[in-house]
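Take a look at the letters that make up each chain.
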Amino acid sequence: MFDKGYLSPNVVYLNGNVITVDDAKPKAEAVAVLGDKIVAVGDSAEIKQMAGPDTEVVDLADKTMIPGFIEPHIHFLVYKMYVIRSVNVLCKPFGKIGKMDELIDTLKEKAAVTPKGQWIEGYRYDDLGLEEQRHPTRYDLDKVSTEHPIHLGHRSGHVGTCNSKALEIAGINKDTPNPPGGVYQRDANGEPNGVLEYGPALSSVRKFIPQETLEENLELIPQIIDELHKVGITSCQDAGVGIFGKGDINLFQEAKKRGLLKVRLNMMMWPTTIFDSDGNTIGFNTGFGDEWLKIGPLKLIVDGSVPGFTGWLTKPYYTPYNGNSEHKGQSAVPIEKFNKMFIKAHCDGYQVAAHAGGDAAIDAFIEAVRLAQKECPRTDARHRIEHCHVVREDQLEAMAELGITPSFFVRHTHYWGDHYKKNVLGPERAAKMDPLKTALDKGVRYTIHSDAPHVLADPLMEMYAAVNRVTSGGDVLGPEERITPEQALRAITLDAAWQSFEEDIKGSIQVGKLADFAVLAENPLEVAPDRIKDIKVEETIIGGKTVYKA
């Protein structure tokens with residue numbers, strides 16, 4: 001029992017419906033906090049007695065308190081690039097743009113107020129949301145402007161498109177070969193049509209887009225964090241620190257120094273931040289840092305976007321892509337290079353997280369783990385597969401054997417489920433995508449994530465998608481792969497903490513852990529499953545301090 005004679009809690013929360021995600025004590029009514037840690041969990045009468053004259057007493061009034069949501073995979077810095085800075089070209093059914101002409105008109109409005117020569121950026125366009133059912137090409141975007149370089153990012157994040165001016169600046173023409181691991185789509189005459197597939201092709205254009213200064217970025221960080229607080233997120237992992245350069249790390253360090261980093265952040269490190277020019281790792285390992293900012297896994301890429309037809313599959317896509325009925329996608333990096341980086345990082349003690357959406361990419365990841373463990377046996381490495389959409393049962397069994405932990409982008413079942421069924425995988429394979437129930441049955445521990453800003457961060461929407469598997473068109477995709485609300489909540493609290501080696505300090509409401517909570521208007525474990533997404537976040541608390549209140 002807490003010793004009241006020593007120090008009184010800073011704050012006690014009473015009369016709540018506390019879901020602890022602690023198997024030993026799943027429910028409680030009240031919580032006491034001293035400093036930034038939980039010091040007692042119990043019933044209201046017991047906890048109320050601990051309050052001293054300076055203790056803040058908060059009446060939860062039967063609202064539901066849960067551990068703060070942990071978002072396992074977002075792109076924190078991409079928020080500034082694609083959501084705050086860019087033109088919103090979100091297409092139907094989730095946005096307003098439904099035709100190519102409407103997209104062009106939206107960009108023309110931006111061009112009219114942008115000085116000539118300056119870049120115009122747009123993000124979250126979706127070829128499937130356009131009546132024409134195709135990507136905008138340079139010829140479409142040239143109708144907007146030939147004096148402004150233009151770049152649009154696809155909703156998947158693994159495809160983009162640009163106009164002729166942008167191609168000119170990047171030096172991409174008919175004689176330019178595809179970059180290793182990337183594709184420049186071409187027209188009937190062999191000219192690049194502006195559509196860029198995979199990271200190397202995208203970066204060959206993006207690298208010419210001017211970036212904000214440190215001070216400009218620091219001004220944006222509170223805006224991004226506010227969006228996370230509103231949905232109950234207290235911790236997150238940026239899944240690509242260094243993608244804009246090594247200054248990303250300095251930005252986070254300076255934000256922390258200035259008191260702007262009001263969310264706990266783990267950094268998935270881009271290879272250029274981990275490896276020097278000779279292929280040696282820098283020495284600062286996974287877990288280095290503190291409770292606010294630390295180094296997480298090395299982030300590697302195996303393939304692209306499955307709904308964008310750039311994911312790497314073992315069997316062809318259900319419908320032809322660019323007229324090719326045998327199209328299976330491809331690896332985004334030579335597998336020999338991938339294995340070399342993976343093994344080196346593993347042997348030097350890093351956790352590795354790799355983007356792998358298709359089953360061929362997942363095969364490559366599993367083989368890399370086997371090779372690495374053979375060379376440098378390690379226990380409990382917790383290597384991660386990010387997204388893991390098209391995964392077979394034999395692969396889940398291998399994950400359980402090797403201790404691999406996936407993070408599923410389960411909202412694909414909602415946002416792109418109909419597309420998977422009709423175009424990408426076909427009905428049979430689509431029903432088995434993101435197989436959360438089978439993964440649990442096979443003994444695989446996992447998390448679920450948003451990949452924000454590809455879809456905006458919203459943990460309750462993650463839960464909704466995992467529990468219901470309802471597509472945006474109202475179909476149910478693979479009902480046998482539904483999980484319970486309790487299992488979904490665990491995937492974005494305690495299991496997410498475990499996945500980042502932090503289960504001893506966060507993820508559940510237990511004595512000694514960080515006082516990170518979300519207060520909800522309703523209980524997600526008791527409402528009708530189809531209403532989980534509609535629950536309101538009333539308050540977000542980090543380290544015992546309220547950072548958001550509705």
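Residues numbered from 1 in each chain as written. Predicted model: local features only at pLDDT ≥ 70, side-chain atom pairs only at ≥ 80, totals over all residues. Heavy atoms only, no water.

Draft legend 1. Region of interest: the overall build of the protein chain. Across its full length, the protein chain carries 19 helices and 24 strands. Taking 24 Å as the expected radius of gyration for a compact globule of 550 residues, we find that the protein chain reaches 24 Å, a close match to that expectation. Expressed along its principal axes, the backbone C-alpha trace of the protein chain runs to roughly 80 × 55 × 50 Å. Expressed as a percentage of its 550 residues, the buried residues of the protein chain come to 59%. For the protein chain, the share of sequence-separated contacts (at least 6 apart) that also reach a separation of at least 24 residues comes to 72%. (Helix = DSSP H or I, 4+ residues; strand = E, 2+ residues; numbered from the N terminus. Rg over C-alpha atoms; globule rule 2.2 N^0.38 Å. Buried < 20%, exposed > 50% of the residue type's maximum accessible area, 1.4 Å probe, protein only. Contact = heavy atoms within 4.5 Å.)

Draft legend 2. Representation of the packing of aromatic side chains. Scanning the entire structure with this criterion turns up 10 aromatic pairs. A ring pair is formed by F284 and F288, whose centres lie 4.8 Å apart and whose planes are at 50°; its orientation type is tilted. Relative accessible area serves as the criterion here: at 45%, F284 is assigned to the partly exposed category. When the ring of F309 is compared with that of Y317, the centres are 4.9 Å apart and the planes differ by 45°; the resulting orientation is tilted. With respect to burial, F309 and Y317 carry one shared label: buried. Grouping aromatic residues by their ring pairs yields a cluster made of F309, Y317 and Y321. Looking at R264, its charged tip hangs above the ring of W292, at a distance of 4.3 Å from the centre. Over the face of the ring belonging to Y464 we find K533, whose NZ or CZ atom lies 5.2 Å from the ring centre. (Phe/Tyr/Trp six-rings, centres within 6.5 Å; stacked < 30°, edge-to-face > 60°. Lys NZ or Arg CZ within 6 Å of the ring centre and 35° of its normal.)

Draft legend 3. Broad picture of the environment of V511. Turning to its location among the elements, V511 is positioned in the loop between α19 (494–499) and β22 (517–520). In sequence terms V511 and K37 are 474 residues apart; their C-alpha atoms lie 7.6 Å from each other. In this structure, V511 is in contact with I38, V39, A40 and V41, ignoring residues within four places of it in sequence.

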